[in-house]
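Topology and contacts: notes
Take a look at the letters that make up each chain.
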Amino acid sequence: MILRNVHDTNWKAKGEPERVFTVTNIKTPQTQEDEFIEIQSDTGTAFQRWSVRHMTMLQQVMANIMSLSAPELRLQGLFLVIVWFCLAFSYHGLGVWFPDMIKYMQYEEYQSKVKVFHRERVERFHFNFSLVNQLHREGQYVHDKFANIEIRSVKFEDSLFENCYFEDIKSTNTFFENCTIKNTMFYNTDLWQEKFKDCRMENSTFLHPKKGCHLNFKEENDIVIYLVSFLGSLAVLPGNIISALFMDKIGRIRIIGGSMLVSSGCTFLLLLSFSQGAVICWQCLFYGASVAAWNGLEVISVELYPSAKRGTAFGILNAICKFAAIISSFIFAAFIGVTKIIPIFMAFSALVCGGLLALKLPETREKILS
């Protein structure tokens, strides 16, 4: 019934709906390789049978791959490989770069406002207010009490804490480095051992430490990576809708080429963005535009190849996509905090190259699949 439906649909599309489906039974043809496997399955050891099956399967896979280099498929296959690679390289590379860059911009802004305290001595003082964005170097804290406060982005270096008491402390990005802590009590705090780097502990006690991973939803830098990723994912919705509506009206090639060139424009304008809001805005526009290219590319990759080669071709193109995603993630991440010109220029160049080359692909809008 399924094959009859396929037969009638195809011949109707070709303008010959009167064709009649005459198949009454189906017999699977057996190749020489299948007969050879059957013979080997009845003879030889288990290892020999395993080797024959897998070697034959490997030969069939290689034969399928080599069939993609047929003269009528060679040039369009090369163009598809380059377009897939360029789009995946820029898309996944910028996917890593956007949240990390915004986080780095927040870090730079925070660092510019840090308060530095050097060689301060505080005795018998009750800290009942939050400590935020501070650096304490070579300080001395004797008989001090830290209770019911929040310590956020604070670092103590080469400092002495003697006979101090910490209670109900909630900390974020706070560390003690190369400090000496004597006769000090930590009660119901999240100041775990990992936050003390190269510190000397003398008769200090940790009682009822807070459990779990702290996440402060009131702080933007705590949830920025999730928020940026969420906005990027949300931005693809209009791109999906537009590409679905216009895929058959304007064609796959214009969708792919136009989308990649618009995405390259969004990427270039990142050079002129110096605030977090501007980067997030261009990120959303980039995702919304580039998703249309992905949709068009997947459609045309299916339609360019005949049924016998379609699965192999699509698998190879997806493997190239994953390879481009891996190398771009490493390359783009390496430039965080160093320069934004190089990753933006690489993404821009890849999108322009892929977009222009996509316009050279054959249009498959009216093509009847074989």
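Position numbers for residues count from 1 along each chain, tracking the sequence in the order it is written. Local features are withheld for residues below a pLDDT of 70 in this predicted model, meaning they are given only at 70 or higher, and side-chain atom pairs are given and counted only at 80 or more; totals for whole chains, interfaces and linings count all residues. Excluding hydrogens and water, the side-chain figures rest on all heavy atoms present in the structure.

Short version of the rule: UniProt positions are given in the numbering used here, feature names are shortened, and annotations may be inferred rather than shown by experiment.
An unreviewed UniProt entry lists the chain under the name SV2A/B/C luminal domain-containing protein, with Knipowitschia caucasica as the source organism. Recorded in UniProt under Sequence similarities (unreviewed entry), the annotation for the chain is "Belongs to the major facilitator superfamily."

Some points on the pairing of strand E11 (residues 185-189)
We apply this condition: Being paired, for any two strands, means DSSP has found at least two bridges between them. By definition, any uninterrupted DSSP run of H or I lasting at least four residues is a helix, any uninterrupted run of E lasting at least two residues is a strand, and each is numbered from the N terminus.
By the bridge criterion, 4 bridges tie strand E8 (residues 165-172) to E11 in an arrangement that is parallel. Bridged to Tyr165 within E11 is Met185.

Brief notes about the layout of surface pockets
We apply this condition: In this analysis the probe radius is 1.4 Å and the grid spacing 1 Å, with only protein atoms considered; a cavity is a set of points the probe fits into but cannot get out of, a pocket is an open set with protein on both sides within 12 Å along at least five of seven lines, and lining residues have an atom within 4 Å of a point. Grid points are joined across faces, edges and corners, and a volume is the space filled by probe spheres set on the points.
If you add up the space inside the second largest pocket, you get close to 160 Å³. Together, Leu68, Ser69, Leu73, Arg74, Gly77, Leu78, Val81, Tyr305, Ala313, Ile316 and Leu317 line the second largest pocket. Residue assignment for the lining of the second largest pocket shows that the elements contributing at least two residues are helix H4 (71-112) and helix H8 (307-334). At 5 residues, the largest contribution of residues to the lining of the second largest pocket is made by H4.

Topic: the environment of Pro362
The condition that has to hold: Burial classes: relative accessible area under 20% of the type maximum marks a residue as buried, over 50% as exposed, and values in between as partly exposed (1.4 Å probe, protein chains only).
Mapping Pro362 onto the fold places it in the segment after helix H9 (341-358). Among the residues examined, Pro362 registers a relative accessible area of 34% and is labelled partly exposed. Sequence separation between Pro362 and Arg252 is 110 residues; the distance between their C-alpha atoms is 9.2 Å.

Considerations on the pattern of salt bridges
Worth spelling out the cut-off: Salt bridges are defined as contacts in which a side-chain nitrogen from Lys or Arg sits within 4 Å of a carboxyl oxygen from Asp or Glu.
This structure, assessed with the given rule, holds 9 salt bridges. The closest approach of N and O atoms between Glu157 and Lys155, which form a salt bridge, is 3.3 Å. For Arg252, the salt bridge goes to Asp248, with nearest N and O atoms at 2.6 Å. When its relative accessible area of 5% is taken as the criterion, Arg252 is described as buried. Taking relative accessible area as the criterion, Asp248 reaches 52% and is therefore assigned exposed. Several salt bridges converge on common partners, so that one network encompasses Arg137, Lys155, Glu157 and Glu177.

Concerning the state of the cysteines
A covalent bond between the sulfur atoms of two cysteines is what we call a disulfide. Note the threshold: Sulfur atoms of two cysteines make up a disulfide when they are within 2.5 Å.
Throughout the structure, instances matching the rule amount to 0 disulfides. Among the cysteines around Cys86, which has no disulfide bond, Cys353 carries the closest sulfur, lying 4.3 Å off.

As for the pairing of strand E6 (residues 145-157)
Most of E6 is tucked away: 10 of the 13 residues are buried. As paired strands, strand E3 (residues 126-127) and E6 are joined by 2 bridges and run parallel to one another. For His126, the partnering residue across the bridge sits in E6 and is Lys145. For E6 and E8, the ladder comprises 7 bridges, and the chain directions are parallel.

Brief notes about the side chain of Gln134
Put simply, the rule is: Note on definitions: a residue-residue contact is assigned when non-hydrogen atoms from the two residues lie within 4.5 Å.
Tracing the sequence through the fold places Gln134 in strand E4 (residues 131-137). Those residues in contact with Gln134 that sit more than four places away from it in its chain are Val114, Lys115, Phe117, Ser153, Val154 and Lys155.

Concerning the sheet that holds strand E5 (residues 140-142)
Counted only if it meets this: Axis definition: a line fitted to C-alpha atoms, over the contacting stretch in the case of helices. Angles run 0 to 180 degrees between N-to-C directions.
Strand order in the open sheet made by the 5 strands is E2-E5-E7-E10-E13, with parallel pairing throughout. Among the strands making up the open sheet, the edge pair consists of strand E2 (121-123) and strand E13 (200-202). Averaged over all adjacent pairs, the angle separating strand axes in this sheet is 5°, with direction ignored. As judged from the 3 bridges shared by strand E7 (residues 160-162) and strand E10 (residues 180-182), these two strands associate in the parallel manner. Within E10, the position partnered with Phe161 by the bridge is Ile181.

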